[in-house]
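# Close look at the chain arrangement
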Amino acid sequence: MSLAVRVIPCLDVADGRVVKGVNFQNLADAGDPVELAARYAEQGADELTFLDVTATVESRGTTYDVVTRTAEQVFVPLTVGGGVRSAEDVARLLGSGADKIGVNSAAIRRPDLVGEIADRFGAQVVVLSLDVTRAGSAPSGFVVTTHGGRTVTRIDALEWAREAIERGAGELLVNSIDADGTKNGFDLELIEAMRAVSTVPVIASGGAGEPAHFAPAIRAGADAVLAASVFHSGQLSIGDVKSAMKDEGIGVR
Amino acid sequence: MSIRRPQVVVFDYGSGNVHSAVKALERAGADVELTSDRKAALEADGLVVPGVGAFAAVMESLEAARGGELVDKRLAGGRPVLGICVGMQVLFERGVERGVEAEGLGEWPGTVEELQAPVLPHMGWNTVEPDAGSILFDGIEDERFYFVHSYAASDWSLQVEPPFPQPRLTWATHGGRFLAAVENGPLSATQFHPEKSGEAGIRLLSNWLTSLGSD
């Protein structure tokens, strides 16, 4: 036996509320991230991810509160990302009950951030989140973007992944901007390319639309799969995804 | 069974996220106090030593809080202690991380070393091979538990002679085989995080709580 593939739902949270539509039955409050997190954990989510899309620094206080209340009730690992700029931000999130921290744009602007977090809290805390798009100009054919895909950089995505691992990233969250929202399946070439350079776990994200999409992502080299809207819309359940992978001979919890 | 809930102290010596450990132990049925107070830590029915981060850094914080002496005193009185993750690793004699060797508490012989696996950290839900007599894994032998670590003890060399009970060893595999849990008289430890292992983890903590005071 070996490690199970992890299935991870991601919730966008702003001002203490879930921002994208969630279509679950029997929820007292469909906008409450704590209740949703608990529901996903019951369904078999192997980890949970909160992406803090809060616009202002002032309203971040509500995020810490949401993290704490979730960690008190939900006994699976919790990753929190979005707007993390310093080791102090990380200290506060971990102190609130987060287990891992996603860093993205701030690490691109200032790569030292990755090492600062890893040195203080351990590499296992640092999830390097990459929003990747295809670009013929880059050596690998893939570049990273910032601001949720709106700003395309000239940084080669595979070079950046390699450098970040060197600096102390303990995991890669690889989101294909091209596949995101298409529901046509994951960008398998991107996953294969990342697997080839990564010595740390790779989480595949972007493009999932049906249960059959997940097994190919694992065969391409992903250790975990992350999705948001297909779960929130009720289109797929965690259980659907796991049984489809199990049928393909992939180990799930 | 007494009606009183077991009193557990989670030793607070500045080790990362201990929030979940406290809440999971409460869920498992304990009255939990997160404290560095020595009297409370000595007198509790059970003491939990968490640990996140680098071996050497955890040892430094633990020794600054005189954690080694505390563990020794409890064990001398047969009072249960549970180490979690790096809180398990520091129970061995030494740890080697990135070529840096650090002394552990030395309750058990052996060295904690990097796992030999293509992908590290070992992160996620893995199966375990519990000892047939395990109390911790009673009823949850086939469950998966949440691991996140790159280092572990892969050898067990402590020989225990009767009348003392044999240590119960539970193994897991990532690359090679390593110790996922040890139950050695009053001293128990898990390399994985029971407080992050869902219902199976709560059950393991509950099994530990049930064993408190029964030794």
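Everything numeric here is computed off the predicted structure, so don't read it as measured data.

Calculation criteria
Residues numbered from 1 in each chain as written. Chains lettered and ligands numbered in written order. Predicted model: local features only at pLDDT ≥ 70, side-chain atom pairs only at ≥ 80, totals over all residues. Heavy atoms only, no water. Contact = heavy atoms within 4.5 Å. Buried area = accessible area lost by both parts, 1.4 Å probe. Salt bridge = Lys/Arg side-chain N within 4 Å of Asp/Glu carboxyl O. Polar contact = N/O pair within 3.5 Å; in protein donor to acceptor, adjacent residues only side chain to side chain. Helix = DSSP H or I, 4+ residues; strand = E, 2+ residues; numbered from the N terminus. Nonpolar A, V, L, I, M, F, W, Y, C, P; charged D, E, K, R; others polar. Core = buried A, V, L, I, M, F, W, Y, C linked by side-chain atoms within 4.5 Å. Buried < 20%, exposed > 50% of the residue type's maximum accessible area, 1.4 Å probe, protein only. Phe/Tyr/Trp six-rings, centres within 6.5 Å; stacked < 30°, edge-to-face > 60°. UniProt positions renumbered as here; feature names shortened; annotations may be inferred. Patch = residues over 30% accessible without salt bridge, like charges linked within 9 Å, V, L, I, M, F, W, Y side chains within 5 Å. Areas by Shrake-Rupley, 256 points an atom, 1.4 Å probe, with all protein chains shown as cover. Lys, Arg positive; Asp, Glu negative; His and termini not counted. Charge placed at Lys NZ, Arg CZ, Asp CG, Glu CD. Axes fitted to C-alpha atoms, helices over the stretch in contact; angles between N-to-C directions. Pairing = 2+ DSSP bridges. Right-handed = clockwise from strand over helix to strand, strands pointing away.

### Details of the interface of chain A and chain B
Counting residues at the interface gives 31 residues for chain A, matched by 27 residues for chain B. For the pair chain A and chain B, the summed buried surface comes to about 2400 Å²; carbon and sulfur atoms form 60% of the total. The tally of links between chain A and chain B comes to one salt bridge. Counting the contacts that link chain A with chain B gives eight residue pairs in polar contact (both at pLDDT 80 or more). Among the elements of the structure, helix H2 (60-73) and helix H3 (87-96) of chain A are those that each provide at least two residues to the side of chain A that touches chain B. The biggest single contributor to the side of chain A that touches chain B is H2(A), with four residues. In terms of residue class, the side of chain A that touches chain B is built from 13 nonpolar, nine polar and nine charged.

### Quick look at the nonpolar core
Grouped together as the largest cluster of nonpolar side chains are 83 residues, with contacts concentrated most on Leu128(A), Leu130(A), Leu172(A), Met194(A) and Met245(A). At six residues, the largest contribution of residues to this core is made by helix H6 (residues 157-167) of chain A. Look past the residues within four positions of Leu128(A) in its chain and what remains in contact with it is Val103(A), Ala107(A), Val114(A), Trp160(A), Ala161(A), Ala164(A), Ala169(A), Glu171(A), Leu172(A) and Leu173(A). Judged by nonpolar contacts, the second largest core, of 70 residues, contains Tyr13(B), Leu25(B), Met59(B) and Leu62(B).

### Describing the packing of aromatic side chains
All names here are of chain B. As enumerated under the stated definition, the model contains twelve aromatic pairs over all chains in all. Between Phe147 and Phe192, the aromatic rings sit 5.4 Å apart at their centres with planes inclined by 70°, giving edge-to-face as the arrangement. Here Phe192 lies in the loop between strand E13 (187-190) and helix H6 (198-211) and Phe147 lies in strand E9 (residues 144-149), a separation of 45 residues in the sequence. By relative accessible area, which is 0% here, Phe192 ends up buried. Through pairs of rings, three or more aromatic residues link up here, namely Phe137, Phe145, Phe147, Phe178 and Phe192.

### Some thoughts on the pattern of salt bridges
Taken as a whole and judged by the stated rule, the model has 28 salt bridges over all chains. Between Arg134(A) and Glu189(A) there is a salt bridge, with the nearest N and O atoms lying 3.1 Å from each other. One end of the pair, Arg134(A), is in strand E6 (residues 126-134); the other, Glu189(A), is in helix H7 (residues 188-197), with 55 residues separating them in the sequence. Two residues, Arg38(B) and Glu69(B), come together in a salt bridge whose shortest N-O distance is 3.4 Å. Of the two residues, Arg38(B) is situated in helix H2 (residues 38-43) and Glu69(B) in helix H4 (residues 67-76); the sequence distance between them amounts to 31 residues. Glu69(B) sits in the partly exposed class, given a relative accessible area of 32%. Put simply, Arg6(A), Glu47(A), Lys100(A) and Glu171(A) are held in one network by salt bridges that share partners.

### A short note on the UniProt feature "active site" (unreviewed entry) in chain A
All names here are of chain A. Listed under "active site" (unreviewed entry) in the UniProt record, and renumbered for this structure, are Asp12 and Asp131. By secondary structure assignment, the location of Asp12 is in strand E1 (residues 6-14). We classify Asp12 as buried; its relative accessible area is 13%. Apart from residues no more than four positions distant in its own chain, Asp12 is found in contact with Arg17, Val18, Val19, Lys20, Leu51 and Val53.

### Considering a negative patch on the surface
A surface patch of like charges, here negative, comprises Asp138(B), Glu141(B), Asp142(B) and Glu143(B). Mapped onto the fold, Glu141(B) is located in the loop between strand E8 (122-127) and E9.

### Topic: the side chain of His193(B)
Residue and element names in this part refer to chain B. Along the chain, the position of His193 falls in the loop between E13 and H6. Judged by relative accessible area, which is 8%, His193 ranks as buried. Once you skip the residues sitting within four places of it in the chain, His193 turns out to touch Val52, Ile84, Cys85, Tyr146 and Val148.

### Re the packing of H2(A) against H3(A)
Residues and elements named next belong to chain A. Interhelical geometry of H2 versus H3 gives an angle of 35° and a closest axis separation of 8 Å. Facing Tyr64, Val67, Thr68 and Ala71 of H2, the residues of H3 in contact are Asp89, Arg92, Leu93 and Ser96. Counted by class, the contact of H2 with H3 contains four nonpolar, two polar and two charged residues.

### Quick notes on the sheet that holds strand E5 (residues 92-97) of chain B
Residues and elements named next belong to chain B. The strand order across the open sheet built from four strands is E6-E5-E7-E10, with neighbouring strands paired in mixed fashion. Every interior strand has two partners, whereas the edge strands, strand E6 (100-103) and strand E10 (151-153), have only one. Averaged over all adjacent pairs, the angle separating strand axes in this sheet is 20°, with direction ignored. Here four bridges tie E5 to E6, and the two strands are oriented antiparallel to one another. Looking across to E6, one finds that Arg94 is bridged to Glu103. Where helix H3 (residues 55-64) meets the sheet, its contacts fall on E5, E6 and strand E7 (108-114), and the angle it forms with E6 comes to roughly 30°.

### Some points on the sheet that holds strand E11 (residues 168-174) of chain B
Residue and element names in this part refer to chain B. Ordered by their spatial adjacency, seven strands build an open sheet running E2-E1-E3-E4-E13-E12-E11, and the pairing between neighbours is mixed. Looking along the sheet, the strands with just one partner apiece sit at the ends: strand E2 (31-35) and E11. Averaged over all pairs of adjacent strands, the angle between strand axes in this sheet comes to 25°, irrespective of strand direction. Two elements, E11 and strand E12 (residues 176-184), share seven bridges in a ladder whose sense is antiparallel. Residue pairing in the sheet places Thr173 in a bridge with Arg177 of E12.

### So, H3(A)
Those residues of H3(A) not exposed but buried are Ala87(A), Asp89(A), Val90(A), Leu93(A), Leu94(A) and Ser96(A). Residues of H3(A) that are buried make contact with H2, strand E4 (78-81), strand E5 (100-103) and helix H5 (112-121) of chain A together with helix H1 (19-28) of chain B. Just beyond H3(A), the residue with positive phi is Gly97(A), at close to 125°.

### A few points about the pairing of E5(A)
Residues and elements named next belong to chain A. What you see with E5 is no split at all: Lys100 and Gly102 on one side and Ile101 and Val103 on the other are buried throughout. Where E4 meets E5, three bridges bridge the pair, whose relative direction is parallel. The partner of Val80 across the bridge, within E5, is Ile101. The handedness of the E4 to E5 crossover, carried by H3, is right-handed. Summarising the sheet, E5 and E6 pair through three bridges and their orientation is parallel. Residue pairing in the sheet places Ile101 in a bridge with Val126 of E6.

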